[in-house]
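Spelled out, the chains give:
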Amino acid sequence: MVFTKVNSKVVKVNVGQAGGVVARTGAMLFYTGDVAFSPHQVPGAAQMGGAGGLMRMAGRMMQGEHERTMLAQGYGDVHYGYAGLEVHVVDLAPGAVLRVEASRMLAHTAGLQSSVVSVAASSGGGGGGGMMGMLRGAATGALTGQGMFTTQLSGQGGAVLLAHGGVLELQVGGPAPVVVDPQAFVAAYGNVSTELKSALSWRDAVGRGSGEAMQLHCVGQGVVYVQASEEKL
């Protein structure tokens, strides 16, 4: 385990052993040893920023929705936490994929392959790229209250998630989907596909029903992480 929980709201990591750590700006609490910090570019934003008006707009949106990050390198122990929120450590096996709602990422080891994908592209199976993928992602983000883009990590290493009220780990793999409130969704690990579905019926349309308007159906094999709150970070 690369990251170690000090308590429910703080983690520590040996930067040298981790091979460098990328964390959101303002998350470093204190450190011991010889550690240097430098700004870290949002992965994927530069590639999308210079290919036409819509792509440049998407690049700006990515920069806006993804928290600014800092790269820590050197030798020593760094302690991370943010705004008194609960932390949850995820260890990635070789070849594994973790998709995290942008605002709910605290830190990850620098050796992980990191990219930014649209919500639509991360919701089950590729094919969400290009202009239509961005448009679908924008619509999904507007409906769920999530951002338009999310962070995808792959490889072997560790990551730390942020959440209100702690994180629940829901196993995905049975015959029935795991249905999640989109605003409580934190991350998905493994071969998990998500599909946004409307829970509204004609009764809801005329004000006679109740329940959540949108639901996120999760299928495949893996884990879905859900926070114990619908509050945005």
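Scroll up to find the structure.
Remember, predicted model here, so these are calculated numbers, not experimental data. (Residues numbered from 1 in each chain as written. Predicted model: local features only at pLDDT ≥ 70, side-chain atom pairs only at ≥ 80, totals over all residues. Heavy atoms only, no water.)

(A) Quick peek at the pairing of strand E7 (residues 105-109). Counting buried positions along E7 yields five of five residues, so the element is predominantly enclosed. Pairing of strand E3 (residues 21-24) with E7, which is carried by three bridges, proceeds in the antiparallel orientation. Following the sheet pairing, valine 22 is matched in E7 by histidine 108. (Buried < 20%, exposed > 50% of the residue type's maximum accessible area, 1.4 Å probe, protein only. Helix = DSSP H or I, 4+ residues; strand = E, 2+ residues; numbered from the N terminus. Pairing = 2+ DSSP bridges.)

(B) Inspection of the environment of leucine 170 at higher detail. Looking at where leucine 170 falls in the secondary structure, it is placed in strand E10 (residues 167-172). Here leucine 170 falls in the partly exposed class, since its relative accessible area comes to 27%. The spatial distance from the C-alpha of leucine 170 to the C-alpha of valine 224 is 5.1 Å, given a sequence separation of 54 residues. Once residues lying within four places of it in the same chain are set aside, the contact partners of leucine 170 are Val178, Val180, Gly222, Val223, Val224 and Val226. (Contact = heavy atoms within 4.5 Å.)

(C) How the structure looks around a nonpolar patch on the surface. Together, Met28, Leu29, Phe30, Tyr31 and Phe37 make up an exposed nonpolar region whose accessible area comes to about 430 Å². Looking at the secondary structure, you find leucine 29 in strand E4 (residues 28-40). A residue is classified by how much of its surface remains accessible, and leucine 29, at 43% relative accessible area, is partly exposed. (Patch = residues over 30% accessible without salt bridge, like charges linked within 9 Å, V, L, I, M, F, W, Y side chains within 5 Å. Areas by Shrake-Rupley, 256 points an atom, 1.4 Å probe, with all protein chains shown as cover. Salt bridge = Lys/Arg side-chain N within 4 Å of Asp/Glu carboxyl O.)

(D) Up close: the environment of glutamate 231. Among the secondary structure elements, glutamate 231 is positioned in the segment after strand E13 (214-227). On the accessibility criterion, glutamate 231 (47% relative accessible area) is partly exposed. Counting along the chain gives 68 residues from glutamate 231 to alanine 163, while the straight-line C-alpha distance between them is 9.1 Å. Beyond its immediate stretch of four places on either side in the chain, glutamate 231 contacts Arg104 and His164.

(E) Representation of the packing of aromatic side chains in the model. Enumeration according to the criterion identifies one aromatic pair in this entry. The ring of tyrosine 82 carries arginine 24 above its face, with NZ or CZ at 3.9 Å from the centroid. (Phe/Tyr/Trp six-rings, centres within 6.5 Å; stacked < 30°, edge-to-face > 60°. Lys NZ or Arg CZ within 6 Å of the ring centre and 35° of its normal.)

(F) Focus on the side chain of histidine 88. The residue histidine 88 is located in strand E6 (residues 86-101) in this model. The buried category is assigned to histidine 88, whose relative accessible area is 14%. Within polar-contact distance, the side chain of histidine 88 engages the side chain of glutamate 169 at 2.9 Å. Setting aside anything within four residues of it in sequence, one finds histidine 88 in contact with Ala159, Val160, Leu161, Val167, Glu169 and Tyr225. (Polar contact = N/O pair within 3.5 Å; in protein donor to acceptor, adjacent residues only side chain to side chain.)

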